[in-house]
Amino acid sequence: MQSQEQLLDFFKKTRAHSELICSFLETEDYVVQPIVDVSPPKWHLGHTTWFFEEFVLKPNVKNYKLFDKNSAYVFNSYYESVGDKVIRTNRGNLSRPTVAWVYEYRNYVSKAMQQFLKDEKISEELCGVVEIGCHHEKQHQELLLTDIKYILGNNPLLPEYNDQFKENPIQDFKQEWISIAEGVYEVGHKSDDFCYDNEQGVHKVYLNDYQISNKLVTNAEFIEFIEAGGYKDVLLWHAEGWDWVNNNNIEAPFYWHKIDGDWHQYTLNGLIKLIPEAPLNHISYFEAFAFAQWKGLRLPTEFEWETAHPYFKWGDRWEWTESAYSPYPNYTKPKGALGEYNGKFMVSQKVLRGASVTTSPNHSRPTYRNFFHPHLRWQFTGLRLAQ
């Protein structure tokens, strides 16, 4: 647990980073919501502000005055126990409150939070809530980048977000297989530093002998899959994945464009020619599974990934695993509204491990359990093979 002074510094840096991400936007970019999974940038800024107001300031600061009585209704996301909220699909219909209003709201709450953390001696439990709030905002910083990419990447002009963003780091080393011996291994978050409740508790798993690749699958390897007819071979796909491919006319990873016979990719730097040696990006679990089947290999389980992670470089892409998102042994949800944070989503989703180039600083760790539905691919998702 961080000291209160460290927590104040952490809070200030976290809040500033969200605004840095948005500094490359035009005002009009803040309001767009093309699909249900993508939220307008101004909503992310407001929601992460509401979290601190709702769970820290409102219940703990004497005579705290809300910035606006409607902020909870507009910026609550999925906390059913907290109260009513705007339907998720309607977030992009809110021309009001304005972007300027949202920044005023952020400043109001940030100043109140900083004053509170400076002036009051708060309990260890409440420090924990503030720390969760900061990491919650870091999650939304990653969502900001992925949602901004979706918004701009579905604009017919394919505009650039930031020409300095490094989206495609190259794995400049030889592909090798890492061998892990059969045995009983311990998984789960062991240290005293921050983690989410779904990373607890520590428990043992039995693993058979396996091998895992030291490299992520590249664009060039996936082009081979496409050219071999991978998207047209029913035998490679789960039934649900095959329906998804055909119902949505899927022929390539998200953001890929065939122009004059060459593959291009929309990135946060704009449209570029596809880099063959770059790690594959923006694929669904269905595509990851089908590719592994085509190679005669498989995806690792999340426990195989965690056990082997010291032996390979990770952090460029969220990596699909073969594990369903479910609770660890003896898992208990936190009390109150924060119990809605992770536990209620433990159904019909797959675990991803690692981090990505859009993950915020000081937010990744090898026990982190990300999770998404198998068809989603607007996140920075790739795969690593196992056998």
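Residues numbered from 1 in each chain as written. Predicted model: local features only at pLDDT ≥ 70, side-chain atom pairs only at ≥ 80, totals over all residues. Heavy atoms only, no water.

## Some remarks on the UniProt feature "domain: Sulfatase-modifying factor enzyme-like" (unreviewed entry) in the protein chain
Condition: UniProt positions are given in the numbering used here, feature names are shortened, and annotations may be inferred rather than shown by experiment. Segments assigned H or I by DSSP are reported as helices when at least four residues long, segments assigned E as strands when at least two residues long, and all are numbered from the N terminus.
Taken from the UniProt record, the annotation "domain: Sulfatase-modifying factor enzyme-like" (unreviewed entry) applies to residues 175-308 and 315-386. Taken end to end, residues 175-308 comprises 26% helix and 24% strand; its first and last C-alpha atoms sit 15 Å apart.

## Examining the nonpolar core
Inside soluble globular proteins, nonpolar side chains tend to come together where they are buried. Selection criterion: In plain words, nonpolar cores are sets of buried Ala, Val, Leu, Ile, Met, Phe, Trp, Tyr and Cys residues tied together by side-chain atoms within 4.5 Å. Burial status follows relative accessibility: with a 1.4 Å probe on protein chains alone, a residue under 20% of its type maximum counts as buried, one over 50% as exposed, and anything between as partly exposed. How far each domain reaches was decided by an automatic or database domain assignment.
Ranked by internal contacts, the top residues of the largest apolar core, which has 89 residues, are Met113, Phe225, Trp237, Trp256 and Leu383. The greatest single-element share of this core, amounting to 11 residues, is contributed by helix α5 (residues 124-153). Here this core spans two domains, and each of domain 1 (4-154) and domain 2 (177-386) adds at least three residues to it. Residues Leu207, Ile212, Ala308 and Phe312 belong to the second largest nonpolar core, which totals 10 residues.

## As for empty space enclosed by the protein
Spelled out, the test is: Put simply, the grid is 1 Å and covers the protein atoms alone, a cavity is a trapped set of points that fit a 1.4 Å probe, a pocket is an open set with protein on both sides within 12 Å along at least five of seven lines, and lining residues have an atom within 4 Å of a point. Grid points are joined across faces, edges and corners, and a volume is the space filled by probe spheres set on the points. Following the grouping adopted for this structure description, the nonpolar residues are Ala, Val, Leu, Ile, Met, Phe, Trp, Tyr, Cys and Pro, the charged ones are Asp, Glu, Lys and Arg, and the polar ones are all others, Gly among them.
For the coordinates displayed, the defined rule picks out 1 cavity of 30 Å³ or more. Considering only enclosed or pocket space, the largest cavity measures out at about 50 Å³ in volume. What lines the largest cavity is simply Pro40, Lys42, Trp43, Val74, Phe75, Arg91, Leu94 and Pro97. Tallied by class, residues from the lining of the largest cavity come to 6 nonpolar, no polar and 2 charged.

## Looking at the sheet that holds strand β7 (residues 270-273)
The following threshold applies: Only when DSSP finds a minimum of two bridges between them are two strands counted as paired. Inter-axis angles, ranging from 0 to 180 degrees, are taken between N-to-C directions of lines fitted to C-alpha atoms, where helices are fitted over the stretch in contact. In what follows, a contact means two residues having at least one pair of non-hydrogen atoms within 4.5 Å.
Within the open sheet, the 3 strands sit side by side as β5-β6-β7. Their pairing is antiparallel. Two strands lie at the open edges of the sheet, namely β5 (256-259) and β7, each paired on one side alone. With strand direction ignored, the average angle separating the axes of adjacent strands in the sheet is 35 degrees. Relative to strand β6 (residues 262-267), β5 runs antiparallel, the two being bridged by 4 bridges. Bridging from a neighbouring strand, Ile259 pairs with Asp262 of β6. Sheet strands in contact with helix α6 (residues 219-227) are β5 and β6, and its direction is about 70 degrees off that of β5.

## Considerations on the packing of aromatic side chains
Basically, it comes down to this: Geometry of aromatic contacts follows a simple scheme: Phe, Tyr and Trp rings, the Trp one being its six-membered ring, pair when their centres are within 6.5 Å, and the pair is stacked under 30 degrees between planes, edge-to-face over 60, tilted otherwise. Charges are assigned to positions over rings by a cutoff of 6 Å between ring centre and Lys NZ or Arg CZ, combined with an angular limit of 35 degrees from the ring normal.
Applying the stated criterion across every chain yields a total of 38 aromatic pairs. Ring centres of Phe222 and Trp256 lie 6.4 Å apart, and the angle between their planes is 85 degrees; this geometry places the pair in the edge-to-face category. Linking Phe222 in helix α6 with Trp256 in strand β5, this pair joins segments that are 34 residues apart in sequence. Overall, Trp256 belongs to the buried group, its relative accessible area being 8%. Lying over the aromatic face of Tyr255, Lys149 brings its terminal NZ or CZ to 4.6 Å of the ring centre.

## Focus on unusual backbone geometry
Along the chain, Arg96 connects to Pro97 via a cis peptide bond; the corresponding omega equals 5 degrees. With respect to the helices, strands and loops of the structure, Pro97 is situated in the loop between α3 (71-75) and α4 (99-119). The phi torsion at Asn330 lies on the positive side, around 65 degrees, for a residue other than glycine. Within the element layout of this structure, Asn330 appears in the loop between β8 (318-324) and β9 (350-354). Taking the relative accessible area as the measure of exposure, Asn330 reaches 77% and is therefore exposed.

## Quick word on the pattern of salt bridges
Applicable threshold: In what follows, salt bridge is the name for a side-chain nitrogen of Lys or Arg lying within 4 Å of a carboxyl oxygen of Asp or Glu.
Tallied over the full model, the rule gives 17 salt bridges. The salt bridge partner of Arg15 is Glu137, with a shortest N-O separation of 2.8 Å. Taken together, the residues Arg15 in helix α1 (residues 4-22) and Glu137 in helix α5 connect sequence positions 122 residues apart. A residue is classified by how much of its surface remains accessible, and Glu137, at 1% relative accessible area, is buried. Between Glu199 and Arg365 there is a salt bridge; the shortest N-O distance is 2.8 Å. With a gap of 166 residues between them, Glu199 in the loop between β2 (183-187) and β3 (203-207) and Arg365 in the loop between β9 and β10 (370-372) connect regions that are remote in the sequence. For Glu199, a relative accessible area of 0% gives the class buried.

## Remarks on the packing of helix α2 (residues 41-60) against α5
To keep things clear, this is the line we draw: Oblique is the label for any angle not under 35 degrees, not over 145, and not in the 65 to 115 range, which are roughly parallel, roughly antiparallel and roughly perpendicular in turn.
Where α2 meets α5, the closest approach of the two axes is 8 Å, and the angle between their N-to-C directions is 170 degrees. By the angle class used here, α2 and α5 are roughly antiparallel. For the contact of α2 with α5, a count of residues per class yields 15 nonpolar, 7 polar and 2 charged.

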